[in-house]
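Structure assessment
What follows is the residue order along each chain.
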There are 2 protein chains.
Amino acid sequence: MTESEQAPRGRATAEMVAARAKVSRVAVSRAFNPHTSLKPEKRELILKVAQELNYTPDRAARALVSGRSHLVGVIVPDVCSHWESQEIDALTTALQAEGFATLLFKTRTDYSMDEQLLAYMRGFNPDSVIAFVENVKPHTLARFLDRAVPIYIHYPQAELADDAGDEPLHDRLNVLQRDGVEQAVALLQGFGAKRIAYLSGAEKSRANGARERMLRQVMAERGLAPPVVAGGDFSYDAAYQATIDLFRVGEGADAIFAANDVGAFGVIDALRHELKLRVPEDVKVIGFDDIAQSHWKSYNLTTVKFDLDERVRALVRLILRRLTTPDAPGFQETLNTRLVVRGTVG
Amino acid sequence: MTESEQAPRGRATAEMVAARAKVSRVAVSRAFNPHTSLKPEKRELILKVAQELNYTPDRAARALVSGRSHLVGVIVPDVCSHWESQEIDALTTALQAEGFATLLFKTRTDYSMDEQLLAYMRGFNPDSVIAFVENVKPHTLARFLDRAVPIYIHYPQAELADDAGDEPLHDRLNVLQRDGVEQAVALLQGFGAKRIAYLSGAEKSRANGARERMLRQVMAERGLAPPVVAGGDFSYDAAYQATIDLFRVGEGADAIFAANDVGAFGVIDALRHELKLRVPEDVKVIGFDDIAQSHWKSYNLTTVKFDLDERVRALVRLILRRLTTPDAPGFQETLNTRLVVRGTVG
DNA sequence: TCATAGAATGAACACGTTTTCAATTCTCGT
DNA sequence: ACGAGAATTGAAAACGTGTTCATTCTATGA
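This section reports on the structure supplied with the text.

Take the sheet that holds strand β3 (residues 128–131) of chain A next. Read across the sheet, 12 strands follow the order β11(A)-β5(A)-β4(A)-β3(A)-β1(A)-β2(A)-β2(B)-β1(B)-β3(B)-β4(B)-β5(B)-β11(B) without closing on themselves; strand pairing throughout is mixed. Each edge of the open sheet is held by one strand with a lone partner, namely β11 (332–335) of chain A together with β11 (332–335) of chain B. Direction aside, neighbouring strands of the sheet carry axes that sit 25 degrees apart on average. Two strands pair when backbone bridges link them, and strand β4 (residues 149–154) of chain A and strand β5 (residues 172–175) of chain A are joined in this way by 3 bridges, in the parallel orientation. Bridge pairing links A:His154 to A:Asn174 in β5(A).

Have a look at this one:
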């Protein structure tokens, strides 16, 4: 009966394609799923008809029965923060290539836990969740997201070469910061820096905590006095003000290690434009991330680099492996850092 | 039978909540939908039990029957481009408050049409689509997205005060650039600029075309010679190189109007660090967007501003109105621009 | 007390797909 | 030509929800 009323309104459905191609509705479903048995010429015909009718399987219906939404939730406190936006960009590209889509959610900028958001997000049924919400224990996340598998971004305390933390309970990405920080401190020490300050990121961020901890450790090993800490929150403006305070109220420094590149930009601008100090002659500056802006001539920042592509590839690997083998024990990937030398130390 | 096997694995379902609260499954559905008739104390009980079981209605199932996915597709060529990332950030926040989620897709950076992506996106059933893909006619978009309603970002040719383009066929956001450009050219002219160059954005971008067109028009009206055009693509690096070419190969300029702020940063850095020219003394620079970075001290850019919050509010209004009244004729919102004066003209 | 309207309730259906399972057809070696 | 195993096929069940509709309950007024 639906033969004549060739509905031009609304989506085409598998039933319509089946009717037009004179096959069963099930055959249409199979045509769109590889690894199912269907005579090749039949599949070809169906796909042709589908294209004519502008048909694509409805992912909501598909998700309902298969339990796979092909959505990956990404929680970010601040999309326009440079590192985050670059990671979202690369991640979206990679996920798209694998047939997934990025579902974006914003949480509080202070990096605190946001239960309400997790419950909200759960309703959308993501297959996996990458939590930039940093101070959340993975099992808390798992409790809130029952079906979706969270990926935990882990900063090992002791960064031994083979620090697997053996048998992690959850999938995680280990970020090792020692190499980059060691190279950075060595460079500063080589240029005679004595009083090194740390310009922190958001207090509750685990990344920030790990960076400060590693800096202290490396400086102690090299016989340097502990760093003075100036309180930032990963933003340009906070870094700008904190730097001014460090020199006007505090005792200053001859080198500043910032928790992220954007913060380093604030430090540099405060030094040059407000305090009339020269970078790197009077004060040396090192950042963290190596975002795209760091090579811009006005900053030309020496910084500790994550390889973004490598990081994204690792995340995608974790997601795919978990979906392929849902009951496997925790997977983990490890990411290293290294120093990129530019013009703010010298 | 499912009473005893209190499945701790997988999502809680409405059936489980109903069983535990000794009510029917329909009552659970009603408890989560306002405007349905249900005894208050019963609703309260159900919501309490639901919270205990960590239950949220499955949006895939809900979408299947109601035809509303509560997903808004956003197509971007480049997430980490500053303007885009700030818009995505604000939009996600606003949509989240209205019960929607942002579905992110990346397309080609040259702003060309991407049919494959549209078909891919359609599978996810977005309720609405905001197309940053700029050279796509709205009816083409509509054909590919049957159910989702696209929002067209429109740059009216003649920017009369009431240029509604009366009765648009599709929902659209009109962006008026005349006011900002007029103020910018007036400022440049006031400082005696004679040879104004335009550093373009991506060739296929409609925003870029509209900006160049408006600049030509305003300059002609004020008796200025047409601008020299330097070819960029909205990126820092392209702007940097194009500026060098403009002075080394071409005839230079005493003022440069960039198609976007990031491009203006490239212009400024090329002028200062490569060409050893002073900004604003030797060459004046104006940008477009007023992104957060524009007030950073190293650039301190004079620029034509969109009000981002206003823009996002307008977009959300368009989305909500269309979903409330699906068969209404095309809605439209209008957005104006104005100049923000900082330190790169003077 | 009774009639009546309105609120509250639950059974059944619908949404568009994948998956299961049994039935049918095909392929190939003897 | 025949049988066995593999490939192909379609009917029916399932996924978790919102909606319709007929029924039951409650409160109000005469």
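The structure having been displayed, the exposition proceeds.
Okay, unusual backbone geometry next. For the peptide bond that leads from A:Val279 to A:Pro280, omega is 10 degrees, which places it in the cis range. You can see A:Pro280 is positioned in the loop between α11 (261–274) and β9 (284–289). Unusually for a residue other than glycine, B:Asn125 sits at a positive phi of about 60 degrees. Locating B:Asn125 in the fold gives a position in the loop between α6 (115–122) and β3 (128–131). Using a relative accessible area of 6% as the deciding quantity, one classes B:Asn125 as buried. One non-glycine residue, B:Lys276, adopts positive backbone phi at about 55 degrees. For B:Lys276, the location among the structural elements is in the loop between α11 (261–274) and β9 (284–289).

It is common to give the size of an interface as the accessible area that goes away when the parts come together. With 60 residues of chain B at the interface, the matching set in chain A holds 60 residues. For the chain B and chain A pair, buried surface summed over both sides reaches about 5000 Å², with 55% attributable to carbon and sulfur atoms. Between chain B and chain A we count 2 salt bridges in total. Its salt-bridge partner being A:Asp89, residue B:Lys106 comes within 2.7 Å of it at the nearest N-O pair. Linking chain B with chain A are 38 residue pairs in polar contact (both at pLDDT 80 or more). In terms of residue count, helix α5 (residues 82–97) of chain B provides more of the side of chain B that touches chain A than any other element does, 9 residues in total.

Bringing the relation of the copies chain B and chain A into the picture now. Mapping chain B onto chain A calls for a rotation angle of 180 degrees and an axial translation of 0.0 Å; the resulting RMSD is 0.1 Å. Here the transformation between the copies is reduced to the relation of a two-fold axis.

In the neighbourhood of DNA strand D, 22 residues make up the surrounding shell, with A:Arg30, B:Ala14, B:Ser29, B:Tyr55 and B:Arg62 lying closest. Near the protein, meaning within 4 Å, the atoms of DNA strand D are sugar or phosphate in a fraction of 52%, with bases accounting for the rest. Interatomic distance of 2.6 Å between a side-chain N/O atom of A:Arg30 and a base nitrogen of DNA strand D.

A few words now on the protein's contact with DNA strand C. Contacts to DNA strand C come from 22 residues, most closely from A:Ala14, A:Arg25, A:Ser29, A:Tyr55 and B:Arg30. Within 4 Å of the protein, the contacting atoms of DNA strand C are drawn from sugar and phosphate to the extent of 55%. Residue A:Ala14 places a main-chain N or O atom 2.6 Å away from a phosphate oxygen belonging to DNA strand C. With respect to DNA strand C, the side chain of B:Ser37 contributes an N or O atom lying 3.3 Å from a phosphate oxygen.

Turning our attention to the nonpolar core. Core analysis: the biggest nonpolar cluster contains 160 residues, and A:Phe257 and B:Phe257 have the highest contact counts within it. Not counting the four nearest positions on each side in its chain, A:Phe257 is found in contact with A:Val181, A:Ala184, A:Ala197, A:Tyr198, A:Leu199, A:Leu215, A:Ile286, A:Gly287, A:Phe288 and A:Val304.

A grouping of A:Leu64, A:Val65 and B:Leu64 is seen on the molecular surface, where their side chains present a nonpolar patch of about 290 Å² in accessible area. Checked against the element boundaries, A:Leu64 lands in helix α4 (residues 59–66).

This brings us to the packing of aromatic side chains. Summed over the entire model, instances satisfying the criterion amount to 25 aromatic pairs over all chains. Seen from their ring centres, A:Trp83 and A:Phe306 are 5.4 Å apart, and the 45 degrees between their planes marks the pair as tilted. Pair noted here: A:Trp83 is in helix α5 (residues 82–97) and A:Phe306 is in strand β10 (residues 302–306), with a separation of 223 residues, a long-range link. Ring centres 6.0 Å apart and planes at 90 degrees place the aromatic pair B:Phe105 and B:Tyr120 in the edge-to-face group.

Our next topic: the side chain of B:His82. Note on placement: B:His82 falls in helix α5. Residue B:His82 is classed as buried on the basis of its relative accessible area of 5%.

Here the focus is α5(A). For α5(A), built from 16 residues, the straight-helix expectation of 22 Å at 1.5 Å per residue is met to within 8% by its first-to-last C-alpha distance of 23 Å. Of all 16 residues in α5(A), 13 are buried, a share of seventy percent or more.

Residues and elements named next belong to chain A. Taken together, 6 strands build an open sheet; the order of strands is β7-β6-β8-β9-β10-β12 and the sheet is mixed. The sheet is open, and its two borders are formed by β7 (228–230) and β12 (337–340), each paired with just one other strand. In this sheet, adjacent strand axes meet at a mean angle of 20 degrees when their direction is disregarded. In the packing of α11 onto the sheet, the strands contacted are β6 (196–199), β8 (255–258), β9 and β10, and the crossing angle to β9 comes to about 160 degrees.

Here is what the cut-offs are and how they apply
- Sequence order as written defines residue numbering, which begins from 1 separately in each chain.
- All chains are assigned letters beginning with A, and all ligands numbers beginning with 1, in the order in which they are written.
- Confidence filtering applies because this is a predicted model: local features only for residues at pLDDT of at least 70, side-chain atom pairs given and counted only at 80 or more, and all residues used for totals across whole chains, interfaces and linings.
- Just so you know, side-chain values use all the structure's heavy atoms and leave hydrogens and water out.
- Two strands form a pair only when DSSP identifies at least two bridges running between them.
- Counting from the N terminus, the helices are DSSP H or I runs at least four residues long and the strands are E runs at least two residues long.
- Axis definition: a line fit to C-alpha positions, over the contact stretch in the case of helices; interaxial angles, taken between N-to-C directions, run 0 to 180 degrees.
- Burial classes: relative accessible area under 20% of the type maximum marks a residue as buried, over 50% as exposed, and values in between as partly exposed (1.4 Å probe, protein chains only).
- Only heavy atoms matter for contacts: two residues are in contact if any of them lie within 4.5 Å across the pair.
- The buried area of a pairing is the accessible area, by a 1.4 Å probe, that goes missing from both parts when the two are put together, added over both.
- When a carboxyl oxygen of Asp or Glu lies within 4 Å of a side-chain nitrogen of Lys or Arg, that pair is called a salt bridge.
- Identification of polar contacts relies on pairs of N or O atoms within 3.5 Å, with a donor-acceptor requirement for protein atoms, meaning one able to donate a hydrogen and the other able to accept it, and with residues adjacent in sequence counted only if both atoms are side-chain atoms.
- Each copy is superposed on the other by least squares, with the fit set by C-alpha atoms of residues at a pLDDT of at least 70 in both.
- Residue proximity to a molecule or strand is established when one non-hydrogen atom of the residue lies within 4 Å of it.
- Among the buried residues, those of types Ala, Val, Leu, Ile, Met, Phe, Trp, Tyr and Cys that are joined through side-chain atoms within 4.5 Å form a nonpolar core.
- Distance thresholds for patches are 9 Å for like charges and 5 Å for nonpolar side chains (Val, Leu, Ile, Met, Phe, Trp, Tyr), applied to residues having over 30% relative accessible area and no salt bridge.
- We get accessible surface area from the Shrake-Rupley algorithm with a probe of 1.4 Å; when it comes to residues, only the shown protein chains can shield them.
- Stacked, tilted and edge-to-face pairs are distinguished by plane angle, under 30 degrees for stacked and over 60 for edge-to-face with tilted covering the rest, among Phe, Tyr and Trp rings (Trp via its six-membered ring) whose centres lie within 6.5 Å.
- Each residue after the first adds 1.5 Å to the expected span of a helix.

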